[in-house]
Amino acid sequence: THIRNADGSPFRFRPYQRVPAADLFNPQVASVALRQFSGAGKTYLFTTAYCYAVQQLKLQVGKMFPAENLTADYFRKKLMPVIYSTPIVSGLPMTKDNELFKSWENGATITGVGANSGGRIRTLEIDICDADEIDAIEQDKGDEGDKLGAFLWRSRGRKRQHHWISSYPSKRGHSKID
């Protein structure tokens, strides 16, 4: 009831979001993978979870899209409007408010990367690895390895490790989630 939509109205889970939402921070669940149609609320579900991770758990969150410009768009158009509209999070003093890095005095951070930014991925130290649109991540022979695997590896050694992946596959039966 404390989390707000970008327009300031109270956030309400859709019926099919309740089970995944309960699993996002469940220590018995290693990862949550959602393969759903566009507009189902995958990205928004994770965005609201960020509010809890920042305000209550004080965790370090990493968000990855296939390209860094998509991550910047997500921060600007989806993440920050929800954070600014949610009083329990917007009231927390921020120490940094850069385009792809947000940090708060309580120690929580949210860092955005693109799968096309191998160097940035390798420097992350995060508790939550949230990879969106994973079926759009492109690999070629010149790459340094599995981009999704490298991102998920960045939570190793952390007391709390949460892996969230989602996609809307464009080809039937060809999702990395399957």
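Throughout what follows, the structure given in this document is the object of discussion. (Residues numbered from 1 in each chain as written. Predicted model: local features only at pLDDT ≥ 70, side-chain atom pairs only at ≥ 80, totals over all residues. Heavy atoms only, no water.)

## Focus: the environment of Ala115
No. 1: You can see Ala115 is positioned in the loop between strand 5 (109-114) and helix 5 (118-122).
No. 2: For Ala115, a relative accessible area of 3% gives the class buried.
No. 3: The spatial distance from the C-alpha of Ala115 to the C-alpha of Lys63 is 10.0 Å, given a sequence separation of 52 residues.
No. 4: Those residues within four positions of Ala115 in sequence are excluded, and the remaining contacts are Met64, Phe65, Pro66, Ala67, Ile121, Ile137 and Lys147. (Helix = DSSP H or I, 4+ residues; strand = E, 2+ residues; numbered from the N terminus. Buried < 20%, exposed > 50% of the residue type's maximum accessible area, 1.4 Å probe, protein only. Contact = heavy atoms within 4.5 Å.)

## Description of the sheet that holds strand 7 (residues 162-167)
Picture the strands of a sheet paired through backbone hydrogen bonds; they go either parallel or antiparallel.
No. 1: Taken in spatial order, the 7 strands of this open sheet run 1-7-6-2-5-4-3, and their pairing is mixed. Strand pairing shows two members of the sheet lacking a second neighbour, strand 1 (31-35) and strand 3 (94-98), which therefore form its edges. Going across the sheet, the axis of each strand differs from the next one's by a mean of 10 degrees, ignoring polarity.
No. 2: Where strand 2 (residues 60-65) and strand 5 come together, 6 bridges link them in parallel fashion. Bridging from a neighbouring strand, Met64 pairs with Val113 of strand 5. (Pairing = 2+ DSSP bridges. Axes fitted to C-alpha atoms, helices over the stretch in contact; angles between N-to-C directions.)

## Topic: the packing of aromatic side chains
No. 1: Taken as a whole, this structure holds 9 aromatic pairs when the rule is applied.
No. 2: A centroid spacing of 4.8 Å and a plane angle of 85 degrees characterise the contact between Phe11 and Phe13, whose relative ring orientation is edge-to-face.
No. 3: Pairing Tyr74 with Phe75 gives two aromatic rings, centres 6.0 Å apart and planes at 80 degrees, and the pair type is edge-to-face.
No. 4: Classification of Phe75 as buried rests on a relative accessible area of 1%.
No. 5: An aromatic cluster is defined as three or more aromatic residues linked by ring pairs; in this entry it consists of Phe25, Phe46, Tyr50, Tyr52, Phe65, Tyr74, Phe75 and Trp164.
No. 6: Across the ring face of Tyr74, the terminal group of Lys63 is positioned such that the distance to the ring centre comes to 4.6 Å. (Phe/Tyr/Trp six-rings, centres within 6.5 Å; stacked < 30°, edge-to-face > 60°. Lys NZ or Arg CZ within 6 Å of the ring centre and 35° of its normal.)

## Things to note about the nonpolar core
No. 1: Counting 32 residues, the largest nonpolar core has Leu24, Phe25, Leu79, Ile83, Ile110 and Trp164 as the members making the most contacts within it.
No. 2: Mapped by element, the contributors of at least two residues to this core are strand 1, helix 2 (42-57), strand 2 and helix 3 (68-85).
No. 3: Element by element, the count of residues in this core is highest for helix 2, at 8 residues.
No. 4: Setting aside residues up to four positions removed in sequence, Phe25 forms contacts with Ala49, Tyr52, Ala53, Leu57, Leu59, Ile128, His162 and Trp164. (Core = buried A, V, L, I, M, F, W, Y, C linked by side-chain atoms within 4.5 Å.)

## Let's talk about the packing of helix 2 against helix 3
No. 1: Contact geometry of helix 2 with helix 3 gives a least axis separation of 9 Å together with a crossing angle of 50 degrees. Comparing the axis directions of helix 2 and helix 3 gives the class oblique. Between helix 2 and helix 3 lies a crossing whose hand is right-handed. Between helix 2 and helix 3, the residues in contact are Thr43, Tyr44, Thr47, Tyr50 and Cys51 and Tyr74, Lys78, Leu79, Val82 and Ile83, respectively.
No. 2: Residues belonging to the contact of helix 2 with helix 3 are distributed by class as follows: 7 nonpolar, 2 polar and 1 charged. (Parallel < 35°, antiparallel > 145°, perpendicular 65-115°, else oblique. Left-handed = near helix turned anticlockwise from the far one by under 90°. Nonpolar A, V, L, I, M, F, W, Y, C, P; charged D, E, K, R; others polar.)

## Looking at the pairing of strand 5
No. 1: Summarising burial for strand 5: 6 of the 6 residues are buried, a large majority.
No. 2: As paired strands, strand 4 (residues 101-104) and strand 5 are joined by 3 bridges and run antiparallel to one another. Looking across to strand 5, one finds that Ser103 is bridged to Thr109.
No. 3: In this antiparallel pair of consecutive strands, strand 4 and strand 5, the connection spans 4 residues, and Gly107 shows a positive phi of 100 degrees.

## Some details on unusual backbone geometry
No. 1: Non-glycine residue Lys58 carries a positive phi angle of around 55 degrees.
No. 2: Of note, the phi angle at Glu133 is positive, near 55 degrees, even though the residue is not glycine.
No. 3: Looking at the element boundaries, Glu133 is found in the loop between strand 6 (128-131) and helix 6 (147-152).
No. 4: By relative accessible area, which is 26% here, Glu133 ends up partly exposed.

In short, geometric facts, not functional conclusions.
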